[in-house]
Amino acid sequence: MSTTTTRGLARPAPAKSSGTRPRRGLRGNSTFNFWLFTGPFLIGLLIFVYVPIGWSIWLSFFEARFTVTPDKFIGFDNYRQMLGNGNFTGSLLTFTVFAAIIVPTTWALSLGLALMVNRLRFMRAFFRSVFFLPTACSYVAASLIWKMSIFNGVRFGLANTVLGWFGVENIAWLANPDPPWYWLVIVTARLWLQSGFYMILFLAALQNIPDELYEAAAIDGAKPGWQTFRYITLPQLRATSTAVILLLLIAAYQAFDEFFNLLSKTTWGRPPLVELYYTALGDSQDYGAGSAGAVILTLLICAVTLLQGKIMGFGRGDESK
């Protein structure tokens, strides 16, 4: 290696540039990597989500019976037909009842489970997994278990067997709407299926609450229990509670599997998606009217979601700042 002398000190000569450009592999091309990993997902999203949505909106303005390629434009007649259909509007009322029951009960149950698991000092991971495990179960499988094993309406069913111990006659849980025992079957099935998922959300939020807040509350004289929960824990869970309620409302609007499998042969107790299923895929196969009903339902979900978010302040910054 050649050296240069500066004031009697030998220093190595600077290395000569090779004149070749550094090779750029996959690690150096961030744009290519982005499209490589997100491209298949975006293509699938476009083909299986956005194209069907656009096609459904387009069909809603045409007379589309027994065909998905209509040529007769009828404007808003399909929308007027669906809004004047008593079965469809009745299904919206069914959703209202279902949402009024399932949203607060799921919120309270998932929050209670999260508080209980968060206070455990041993086997926390075990109980967290046990409560979350039903989330992986199929809604169809759970509905059939509820219908055929637990609430099957005969004396061999689990529910009627337990009631028989106390002298209660057999109850036809899903046979008739008066009294509406079918709500107990549907609500308990969905509670079992989805409470574990929202418990995980609340549990993550609880673990992010600083311990200093509870220490300061104890110094100020707050009693552990209800006072601490009301003035410390619950306000800190505001953002998570809002998100959970919004997700529950949307999920309630989209209820299909348990209603269809539990009440498939009935004309009562149908939510909007089940009614649209029979409209579009029933004997008439009116895809235009079914698409119009789907658009109405989507707009209703958006309106309720925005209203709920506005009431609960979803997206607002921390007021304490």
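Remember, it's a predicted structure, so these values are computed and weren't measured experimentally.

Caption draft 1: View of the UniProt feature "transmembrane region" (unreviewed entry) in the chain. The UniProt record annotates "transmembrane region" (unreviewed entry) at residues 32-53, 92-113, 125-146, 181-206, 237-256 and 287-307. For residues 125-146, the helix share is 73%, the strand share is 0%, and the end-to-end C-alpha distance is 28 Å.

Caption draft 2: Representation of the side chain of Thr240 within the structure. Relative to the elements of secondary structure, Thr240 occurs in helix 10 (residues 238-253). Given the relative accessible area of 19%, Thr240 is considered buried.

Caption draft 3: Geometry of unusual backbone geometry. Cis geometry is adopted by the peptide bond preceding Pro179, which originates at Asp178 and carries an omega value of 0°. Structurally, the position occupied by Pro179 is in the loop between helix 6 (158-165) and helix 7 (182-207). Positive phi is not limited to glycine here, since Met123 has a value of about 55°. Tracing the backbone through its elements, the reader meets Met123 in the loop between helix 3 (86-119) and helix 4 (124-132).

Caption draft 4: Layout of the nonpolar core. By size, the foremost hydrophobic cluster in this structure holds 55 residues, and its most contacted members are Phe98, Phe259 and Leu263. Of all elements in the fold, only helix 2 (77-83), helix 3, helix 5 (139-150), helix 7, helix 10, helix 11 (257-262), helix 12 (272-281) and helix 13 (287-312) reach the threshold of two or more residues within this core. The element contributing the most residues to this core is helix 7, with 13 residues.

Caption draft 5: Region of the structure containing the packing of helix 3 against helix 12. At a minimum axis separation of 8 Å, helix 3 and helix 12 run at an interaxial angle of 155°. Judged by the angle between their axes, helix 3 and helix 12 are roughly antiparallel. Here Asn87, Phe88, Ser91, Leu92 and Phe95 of helix 3 lie close against helix 12, whose contacting residues are Pro272, Glu275 and Leu276. In terms of residue class, the contact of helix 3 with helix 12 is made up of five nonpolar, two polar and one charged.

Caption draft 6: Local environment of the side chain of Thr279. By the element assignment, Thr279 lies in helix 12. If near-sequence neighbours (up to four positions away) are discounted, Thr279 is found in contact with Met82, Ser284, Gln285, Asp286, Ala289 and Gly290.

Caption draft 7: Structural view of the packing of aromatic side chains. Summed over all chains, the structure comprises 25 aromatic pairs. Ring geometry for Phe126 against Phe127: centres 5.2 Å apart, planes inclined by 80°, an arrangement best described as edge-to-face. Taking 5.3 Å as the distance between ring centres and 10° as the angle between the ring planes, the aromatic pair formed by Phe256 and Phe260 counts as stacked. Through a chain of ring-to-ring contacts, three or more aromatic side chains come together here, namely Trp55, Trp58, Phe61, Phe62, Phe73, Phe76 and Tyr79.

Caption draft 8: Molecular detail of helix 7. In a regular helix each residue adds 1.5 Å, so 26 residues correspond to 38 Å; helix 7 covers 37 Å between its end C-alpha atoms and thus fits that length. When the local axis directions of helix 7 are compared, the greatest deviation, roughly 40°, occurs at Gln194.

Caption draft 9: Summary view of a nonpolar patch on the surface. On the surface, Ile43, Leu46, Ile47, Phe48, Val49, Tyr50, Val51, Ile53 and Ile57 cluster together into a nonpolar patch covering about 880 Å² of accessible area. Counting through the fold element by element, Leu46 comes out in helix 1 (residues 30-59). On the basis of relative accessibility, which here comes to 47%, the residue Leu46 falls in the partly exposed class.

Caption draft 10: Seen up close, the confidence of the model for the chain. Taken residue by residue, the chain gives an average pLDDT of 84. The fraction at 70 or more is 88%. Here strand 1 (residues 3-6) stands out as the least confident element of the chain, with mean pLDDT 50; helix 7 is the most confident, with 93.

Caption draft 11: The arrangement of the pattern of salt bridges in detail. Scanning the entire structure with this criterion turns up four salt bridges. Note that Glu63 is salt-bridged to Lys72, the shortest N-O span being 3.3 Å. Residue class for Glu63 comes out partly exposed when judged on its relative accessible area of 36%. The partly exposed category is assigned to Lys72, whose relative accessible area is 48%. Linking Glu258 and Arg190 is a salt bridge whose minimum nitrogen-to-oxygen distance equals 2.5 Å. Of the two residues, Glu258 is situated in helix 11 and Arg190 in helix 7; the sequence distance between them amounts to 68 residues. We note that Glu258, like Arg190, is buried.

The rules we used
- Residues numbered from 1 in each chain as written.
- Predicted model: local features only at pLDDT ≥ 70, side-chain atom pairs only at ≥ 80, totals over all residues.
- Heavy atoms only, no water.
- UniProt positions renumbered as here; feature names shortened; annotations may be inferred.
- Helix = DSSP H or I, 4+ residues; strand = E, 2+ residues; numbered from the N terminus.
- Buried < 20%, exposed > 50% of the residue type's maximum accessible area, 1.4 Å probe, protein only.
- Core = buried A, V, L, I, M, F, W, Y, C linked by side-chain atoms within 4.5 Å.
- Axes fitted to C-alpha atoms, helices over the stretch in contact; angles between N-to-C directions.
- Parallel < 35°, antiparallel > 145°, perpendicular 65-115°, else oblique.
- Contact = heavy atoms within 4.5 Å.
- Nonpolar A, V, L, I, M, F, W, Y, C, P; charged D, E, K, R; others polar.
- Phe/Tyr/Trp six-rings, centres within 6.5 Å; stacked < 30°, edge-to-face > 60°.
- Expected span 1.5 Å × (residues − 1).
- Bend = angle between axes of the 7 residues up to and from the residue.
- Patch = residues over 30% accessible without salt bridge, like charges linked within 9 Å, V, L, I, M, F, W, Y side chains within 5 Å.
- Areas by Shrake-Rupley, 256 points an atom, 1.4 Å probe, with all protein chains shown as cover.
- Salt bridge = Lys/Arg side-chain N within 4 Å of Asp/Glu carboxyl O.
- pLDDT = per-residue confidence, 0-100.

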